[in-house]
Amino acid sequence: MNPRKWRVWHRWLSLIVGLQLVVWSISGAYMVYFDLSFIHGDHLVKKLDQPIAENTLISPVSWVLEQNPEATSVRLMRQWIDGSLQTVYRVESESGTQLLRAESLDPIHLDRMDIGYIARQHYTGNEETKAQVSFIEDKAPGELNSALLPVWRVDFNDLPSTTFYFSAAAGELVTKRHDFWRMFDFFWMLHIMDYQDRVDIQTWWLKAFSIANMLFMISGGALLYFHYRPRKRRRRSV
Amino acid sequence: MRFMRKLHRWLSLIICIQVLIWLVSGLYFSWVGHQSLAAHDYFQPVPKKAIGSVFYPENALTERFDSIESLEIRSVAGTAQYVVTTTDTNKHYVNALTGEDWKTSVPMAAALARQSYNGPGVVEEVRAVTGSDEIVGWHKAGFKVTFSDDIATRAYIDAASGEVVDHRNSRWWLSDWMFRLHFMDYSGERDFNSLLNIVAATAALWFSLSGLILLSRSLKRRQLF
């Protein structure tokens, strides 16, 4: 094949499969430019590290286990209840998770006010920022793993549209999202070419485009060869 | 346009090998899929069990450790275990029957490995190790439990906690190198925000964009035939 033919091939391939290479380079560049911990929103939450006071009155673990023989995990921890930091037991079993007051072992039900308060304690942004609290029982939004349901959703009215998700039973921060994460997720979708669920990396068209782009690269390589090959005749402009 | 052509050609010389590497490794990821890439072909999370009896009281622990952030009790291989997290984010593991620091025995390591495994093999060997070249960031004492299956699955168990660190198998080496090449992080830490990668991504971005500009020019001039 002569150089002209290669060039026509290169143009056709660029039109049919090369455009995906542009998509890959833009989406890849976004993922490379922004630090992954920033994308994860680690800067949006404070680390809470007040220890459990030594003189806290609590019922012994054995009582919790007597009450809940099926429990697979019992955790003594702290949580904001009614606006103050309290020591609680978090009891996990196959049937679900529950919070108990550490002293009386009475069950605790977190409400909208509690979650709003807990969210404020985690949030590193401006204290005046408005926020909405909503409860999600089934239908998880696309940005949330549905295995985490049910959850409380807290949307902050700030610039990157920060959203915190808290577990319904224990009020634990399970996920945080902001617009840079959402953009990352959008680019990830473009990168793996799964426009539906954004998880499947094994589609036939992803493989097909990868292989076709290798051929596209070869056609470009041929053009490079024709440009730089040693010539017997004196150089003339092509 | 002459400049665009020149830019496209020069960038192609610099970046074409890496673009080819991205395409080949990307194709490999697509071929193999998430589960095998993580060496989780025969992996399952260890099933959670009811805690069972506890003899060592929690108030002994609150006296033993300062600045406790949380205190968990759970079952590890049929024995109750305390996990004490202190505010410096350190974790301490205590046997809830005896009150001694948690120890993982060889039979226990084998049992834990089996619970994390759903393949056709049986445990072939349990070896004490300290960290592993195959697992970045884990340098502690533990066990390597090897299974007799087609891909030589091995489960790594952390001795201090009795946790299954992860699985590895004979395909791991190739998958890991594909990640190193795709992310341009040859240390194995899979950090794709390195300066090297930023420079390469920028070059690739301008390589493809200059190509796009040249293509639109060709389309306008009807130079497709």
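Owing to the predicted nature of the structure, the values given are computational and were not obtained by experimental measurement.

Topic: the pairing of strand E7 (residues 164-168) of chain B
Residues and elements named next belong to chain B.
So, step 1. Taking burial as the measure, the 5 residues of E7 include 4 buried ones, the bulk of the element.
So, step 2. Pairing between strand E6 (residues 154-158) and E7: 4 bridges, direction antiparallel. What sits directly across from arginine 154, in E7, is arginine 168.
So, step 3. Two successive antiparallel strands, E6 and E7, enclose a turn made up of 5 residues, where glycine 162 displays a positive phi of approximately 70°.

Some remarks on the UniProt feature "transmembrane region" (unreviewed entry) in chain A
Residue and element names in this part refer to chain A.
So, step 1. What UniProt calls "transmembrane region" (unreviewed entry) maps, in this numbering, to residues 12-33 and 204-226.
So, step 2. As annotated, residues 12-33 comprises 100% helix and 0% strand, and the C-alpha atoms at either end are separated by 31 Å.
So, step 3. Taken end to end, residues 204-226 comprises 100% helix and 0% strand; its first and last C-alpha atoms sit 34 Å apart.

Topic: the domain arrangement of chain B
So, step 1. Examined at the domain level, chain B breaks down into domain 1 (2-37 + 175-220) and domain 2 (58-170).
So, step 2. Computed over C-alpha atoms only, the centres of domain 1 of chain B and domain 2 of chain B are separated by 40 Å.

Structural notes on the environment of serine 161 of chain A
Residue and element names in this part refer to chain A.
So, step 1. Within the fold, serine 161 resides in the loop between strand E6 (151-156) and strand E7 (163-167).
So, step 2. Its 14 C-beta neighbours within 10 Å are what place serine 161 among the partly exposed residues.
So, step 3. Separated by 143 residues in the primary sequence, serine 161 and glycine 18 have C-alpha atoms spaced 35 Å apart.
So, step 4. Setting aside chain neighbours within four positions, we find serine 161 in contact with His178 and Asp179.

Overview of helix H4 (residues 112-122) of chain A
Residue and element names in this part refer to chain A.
So, step 1. Of the positions making up H4, those classed as buried are Asp114, Ile115, Ile118 and Ala119. Projected onto a plane normal to the axis of H4, the buried residues spread over an arc of 135° and lie on a single side.
So, step 2. Buried residues belonging to H4 abut strand E1 (73-81), strand E5 (131-136), E6 and E7.

Some points on the sheet that holds E6 of chain A
Residues and elements named next belong to chain A.
So, step 1. Strand order in this open sheet of 4 strands is E5-E6-E7-E8, and the pairing throughout is antiparallel. The sheet is open, and its two borders are formed by E5 and strand E8 (173-177), each paired with just one other strand. Averaged over neighbouring strand pairs, the angle between their axes works out to 20° when direction is ignored.
So, step 2. Sheet strands touched by H4: E5, E6, E7 and E8. Its angle to E5, the strand with the most contacts, is close to 125°.

With respect to the interface of chain B and chain A
So, step 1. At the junction of the two partners, chain B supplies 48 residues and chain A supplies 47 residues.
So, step 2. If you list the elements that add at least two residues to the side of chain B that touches chain A, you get helix H1 (2-32), helix H3 (58-64), strand E1 (68-76) and helix H6 (195-220) of chain B.
So, step 3. The dominant element in the side of chain B that touches chain A, judged by the number of residues it contributes, is H6 of chain B, at 12 residues.
So, step 4. For the side of chain B that touches chain A, a count of residues per class yields 24 nonpolar, 17 polar and 7 charged.
So, step 5. Note that E1 of chain A and E1 of chain B share 4 bridges and pair antiparallel. Each residue of the ladder has a partner; that of serine 73 of chain A, found in E1 of chain B, is arginine 74 of chain B.

How each quantity is defined
- Residues numbered from 1 in each chain as written.
- Chains lettered and ligands numbered in written order.
- Predicted model: local features only at pLDDT ≥ 70, side-chain atom pairs only at ≥ 80, totals over all residues.
- Buried ≥ 20, exposed ≤ 12 C-beta atoms within 10 Å, placed from the backbone.
- Helix = DSSP H or I, 4+ residues; strand = E, 2+ residues; numbered from the N terminus.
- Pairing = 2+ DSSP bridges.
- UniProt positions renumbered as here; feature names shortened; annotations may be inferred.
- Domains from an automatic or database assignment.
- Contact = placed C-beta atoms within 7 Å.
- Arc of directions from axis to C-beta.
- Axes fitted to C-alpha atoms, helices over the stretch in contact; angles between N-to-C directions.
- Nonpolar A, V, L, I, M, F, W, Y, C, P; charged D, E, K, R; others polar.

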